[in-house]
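Descriptive analysis of the structure
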Amino acid sequence: EEPPSSPPPPVFDATCLADQGGVWEESWKSHHDSKPKGPAAIGIDVSFPSSAVLTGLAEHATDLNLKAYPEPYRHYNLDVFEYELDSPMALYGVIPLLLSIQRPKAGDAGSRLASGFLWSNPSESFTKVDKSHEGAQTWWTAESGRMDLWLLAGPSPSRVSQQYLEASGMAGMPPLFALGKHQCRWNYKDEADVRYVDDMFDQVQIPYDVLWLDIEHTDGKRYFTWSPSHFPTPEKMLAEIDRKGRRMVTIVDPHIKKDKGYSVHQDIEKNGWLVKKAKNEDFEGWCWPGASVYPDFLLPETRAYWASRFAYDKYKGSAKNLYTWNDMNEPSVFNGPEVTMFKDNLHLHGTTEHRDVHNLYGYYFHKATHQGHREREKMLRPFVLTRSFFIGTHRYGAIWTGDNMAEWSHLKASVPMVLQFCICGHSFIGADVGGFFKNPEEELVVRWHQLGVWYPFYRAHAHLETKRREPWLFSEEALARIRTAVVQRYLLLPYLYTLFAEYALPTLSDRRETHTWAGAPVARPLFWEFPSDEKTMGGGPAGDAVGATMMLGSSFLIRAVTSPASEGPQTLPVYLPEGPRSWYAWGQAGSGSWSLPPGLWKVPITPDAIPVFVRGGSIVPAKFRQRRATESQKFDPFTILAYADPLPSGTEEGEIASGRMYLDDYSTFKHAADGSHLDVESREVAQTASGSGGAYSFSKFSLSCKRKAGGGGACEMSSTAVEVEMGAGSSHLKNGGVGEVLGVSDKVERVVAIGLPLSALSSVSLKRATGEKVEVQFRMVDTGLTPPVEVVSAESGAAPPSSSSASRGNGPVSVEVKTPPLLIGEHDWVLVFE
């Protein structure tokens, strides 16, 4: 923005004060801050009356419902080594957003009101939180900058999420491969090691999509290069990976090796695009290459140059299936104060102090890298991971929680940390599975994979000095359990992909219900999904269970196992919120599930899986054919899983399950009007993604039943196209489905309905939109809907009430239907169960 013609009047004129306690200049250890502008702090107090939950402020390793620590939460991007848990200390990035959910008014049992507050200031800031029965009080202060505040009026948690993204921009839709398994360590040492790891995943039949290389792959820590001794033929290596439909990622950090023979250093220094010291000399710090300089990514010309370096003729040895990891971009300066840059350094040709923009450095670096991928392949969606972030980073790629440790406490902490990011608008988030530092025991590795496959972003990573921990290096039992967990993620990728579409694409709406899901977090706290349920707020008997639980979308409830078997009983408390009338225990096959009513339950745990429940009333798209990577799944047909929620007592007909499914080509910008929204800004997407050439389909599934006296009746499951945009290919729909236009499968090979309220089933028929009706083959499946005898109420010790199954009719029924191919998208259809 253009600077104002005259500076605004100061809130408080401190120019008459003598230097007291570092007001005008400050020294810390061997470092000095000249503070040429003197005191410039600003602050505000914000109250949240009747607040029951106060959450947000990513990134901090704290409870999801923020504690009132004696010290304030600090917002200052830092490279933190072995960070502390249960602390308001600063970590790698900052989203200064708070979400508050109020207690209901006396006598009002309805949904609670929610609101949000966003402090848009990239300088070092602090938030002090205090709580009482009356609500929450917060005090905000920033070292410098302007007062830029956003009040998000809600009134629901979902509307606060939407309002934040309306202000900061909608996320980009990730390519499907980025939702698969990522395998990383510091470092896979050479091309032979890459080939070994890639082949071993195939041998042990564990799918994965992306293999990562850390800093040792470079020629002397010069980014955009390859080690001539360890990676002499990167084109061949990438081609071998590509033949299996897989990708690779290399690390590219912002510090540039100070080397007159290194073209990146030469170009940036020659053009004056480096961060300057307080006296306007080029700043030099110490990082992985040794002596390093730091490009000024706040300059548009620096970002344009950086983007150009990803071109194939500049990044020699790169290929279409190579993507990027941005690390150390807080920025990390090993010999700087708190391992970062001096606050009196200068940006924008000496006009702006680093203290004013510190938390933006990593954001602009990440944006420049994303821009490079867009320019390299204009129609392919980029994938760029970043460690440092600020408001808006979600528009450019994924984030991870940083350098965690291989400890049970860090596995447990990953649940609220991942959810904290999602509440703050950053749904493409995960934690390093297995822990980055230290050597995990086998049980911890297995339990972390069993949890990690439910993170929105799933990557295994490890430090240079740790033992190798690929799945085949553990026992046969551990290998089988990890394989089962990973296969489970790939089975549910159609569901996860739909969640990302609902999060990222603002035009997806059900015109029949005038509802939109845009901005809904992919992973959600229980209190976000069930704000009317008091127990989801934490505390009380359900508090520990709620703190270790997350929702993936609205359908799956995941309860982490956070301690080894040697330290706990063989049952685990799981809280199933009020709302649905039944919750189904998830089985990998999607059937054979037992169910429970809402409540706090003790459920048995085994080494083979962690407790996962499917919300009654859910319809979930899946793919059951096991493949080595997502690229091999593109043409596989779908299985639709329907989990019936019992009709309320006294009700004889109604909808008992619903779900949605998004479909596009999985990799390009054709879903958004040929990718014309280069910067992925929200309003551009809204203008171009609907009705002007985009190519995608969005369908709704519904399962309704009508009961008759004596247990008879009929159920209908329908698939209805809500949004279908085929762009230039729309004319081809006369000859085929949307899959033919998109170049992917749109066929359904199987429908599984679980818990139908029918005492018997005599026929299943298919009704097409044309009115045609034909009978189809089906088979009954033994459901086993009775819970194991070990399942008891955690509060009363009683077994589940028998009425929970009796309410479905004279015994619950699961049905598997195999039909002539059903098509998703343009072609509506109805299955009738009688």
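First things first, this report covers the structure right here in the doc. (Residues numbered from 1 in each chain as written. Predicted model: local features only at pLDDT ≥ 70, side-chain atom pairs only at ≥ 80, totals over all residues. Heavy atoms only, no water.)

Topic: the overall build of the chain
Along its length, the chain carries 16 helices and 46 strands. Residues counted as buried form 62% of the 834 residues belonging to the chain. The contacts of the chain with a sequence gap of at least 6 include a subset with a gap of at least 24, amounting to 75%. Only carbon and sulfur atoms are counted for the fraction: they give 51% of the accessible area of the chain, which is about 30,700 Å². (Helix = DSSP H or I, 4+ residues; strand = E, 2+ residues; numbered from the N terminus. Buried < 20%, exposed > 50% of the residue type's maximum accessible area, 1.4 Å probe, protein only. Contact = heavy atoms within 4.5 Å. Areas by Shrake-Rupley, 256 points an atom, 1.4 Å probe, with all protein chains shown as cover.)

Quick look at a nonpolar patch on the surface
Together, W286, W288 and F334 give the surface a local cluster of nonpolar side chains, amounting to about 300 Å² of exposed area. By the element assignment, W286 lies in strand β15 (residues 284–287). Judged by relative accessible area, which is 45%, W286 ranks as partly exposed. (Patch = residues over 30% accessible without salt bridge, like charges linked within 9 Å, V, L, I, M, F, W, Y side chains within 5 Å. Salt bridge = Lys/Arg side-chain N within 4 Å of Asp/Glu carboxyl O.)

Points about the pairing of strand β13 (residues 247–251)
Extensive coverage of β13 is indicated by the burial of 5 of its 5 residues. Side chains of β13 alternate between two faces, with R247, V249 and I251 and M248 and T250 buried alike. When strand β12 (residues 210–213) meets β13, the two strands line up parallel, connected through 4 bridges. Bridge pairing in β13 places W212 opposite V249. (Pairing = 2+ DSSP bridges.)

Some points on the environment of L492
Here L492 shows up in the loop between α10 (476–491) and α11 (493–504). Remark: the alpha-carbon pair of L492 and T639, spanning 147 residues in sequence, is separated by 10.0 Å. What L492 contacts, discounting residues up to four positions off in sequence, is W454, F556, W586, V620 and A622.

Concerning helix α4 (residues 263–270)
For α4, the complete set of buried residues consists of V264, H265, D267 and I268. End-on, the buried residues of α4 take up no more than an arc of 165 degrees, which puts them together on one face. Taken together, the buried residues of α4 touch β14 (256–257), β16 (290–293) and α5 (300–308). Immediately downstream of α4, the backbone of G272 shows phi near 70 degrees, a positive value. (Arc of directions from axis to C-beta.)

Observations concerning the sheet that holds strand β31 (residues 583–585)
To summarise the sheet geometry, strands pair through backbone hydrogen bonds and adopt either a parallel or an antiparallel arrangement. Reading across from one edge, β27-β28-β29-β34-β31-β32 is the order of the 6 strands in this open sheet, with antiparallel pairing throughout. With one partner strand each, in any of the chains shown, β27 (523–524) and β32 (595–596) form the two edges of the open sheet. The strands that helix α8 (residues 408–423) touches are β27 and β28 (549–552); relative to β28, the one it contacts most, it runs at about 45 degrees. (Axes fitted to C-alpha atoms, helices over the stretch in contact; angles between N-to-C directions.)

Quick notes on the environment of R74
Mapped onto the fold, R74 is located in strand β5 (residues 73–75). When the C-alpha atoms of R74 and K128 are compared, they prove to be 8.8 Å apart, with 54 residues separating the residues in sequence. What R74 contacts, discounting residues up to four positions off in sequence, is H60, P88, A90, E124, S125, F126 and E338. Of note is the side chain of R74, whose polar atom sits 2.8 Å from the side chain of E124. (Polar contact = N/O pair within 3.5 Å; in protein donor to acceptor, adjacent residues only side chain to side chain.)

Some thoughts on the pattern of salt bridges
A full pass over the atoms with the stated rule returns 48 salt bridges. In this structure, D665 and R381 form a salt bridge, with 3.6 Å as the shortest nitrogen-oxygen distance. Of this pair, D665 sits in the loop between β37 (653–663) and α14 (682–688) while R381 sits in the loop between α7 (361–376) and β20 (384–386); the two residues are 284 residues apart in sequence, bridging distant segments of the chain. The two residues D665 and R381 agree in class, both being buried.

Overview of the side chain of S618
Looking at the secondary structure, you find S618 in strand β35 (residues 618–622). The class of S618 is buried, set by a relative accessible area of 3%. In this structure the side chain of S618 is engaged in a polar contact, spanning 2.8 Å, whose partner is the backbone oxygen of R615. When residues no more than four places from it in sequence are discounted, the contact partners of S618 are S555, L641, A642, Y643, A657 and S658.

Observations regarding the state of the cysteines
Counted by the stated rule, this structure contains 1 disulfide. A sulfur-sulfur separation of 1.8 Å characterises the disulfide bridge that pairs C705 with C715. The sign of the S-S torsion, about 105 degrees, decides the handedness of the disulfide formed by C705 and C715: right-handed. Here C705 is found in strand β38 (residues 695–707), whereas its partner C715 is found in strand β39 (residues 713–726), with 10 residues between them in sequence. Assigned by exposure class, C705 and C715 land together as buried. With no disulfide of its own, C424 lies 9.5 Å from the sulfur of C422, the closest cysteine sulfur. (Disulfide = S-S within 2.5 Å.)

Things to note about the sheet that holds β5
Spatial ordering of the open sheet is given by β3-β9-β8-β5, a layout of 4 strands whose pairing is antiparallel. Each edge of the open sheet is held by one strand with a lone partner, namely β3 (42–49) and β5. Shown here is a sheet whose adjacent strand axes are inclined to one another by a mean of 15 degrees, direction ignored.

Observations regarding the pairing of β35
Summarising burial for β35: 5 of the 5 residues are buried, a large majority. Here β35 shows no split at all, with S618, V620 and A622 on one side and I619 and P621 on the other all buried.

A short note on the environment of P757
Tracing the sequence through the fold places P757 in the loop between β40 (747–756) and β41 (764–768). A residue is classified by how much of its surface remains accessible, and P757, at 5% relative accessible area, is buried. Taking the C-alpha atoms as reference, P757 lies 7.1 Å from P646; in sequence the two are 111 residues apart.

Brief notes about the packing of aromatic side chains
This structure, assessed with the given rule, holds 46 aromatic pairs. Measuring from centroid to centroid gives 5.2 Å for Y495 and F556, while their planes differ by 65 degrees, and the two rings are edge-to-face. Here the residue Y495 occupies a position in helix α11, and F556 occupies one in strand β29 (residues 556–559), the gap between them amounting to 61 residues. The buried category is assigned to F556, whose relative accessible area is 0%. In textbook terms, an aromatic cluster arises when at least three aromatic residues are bridged by ring pairs, as seen for F177, W212, Y323, W325, F383, W400, F428, F457, F500 and Y503. Across from the ring centre of W212, 4.8 Å away, lies the NZ or CZ of R459, which sits over that ring. A cation sits over an aromatic face here: K623 above F638, 4.6 Å from the ring centre. (Phe/Tyr/Trp six-rings, centres within 6.5 Å; stacked < 30°, edge-to-face > 60°. Lys NZ or Arg CZ within 6 Å of the ring centre and 35° of its normal.)

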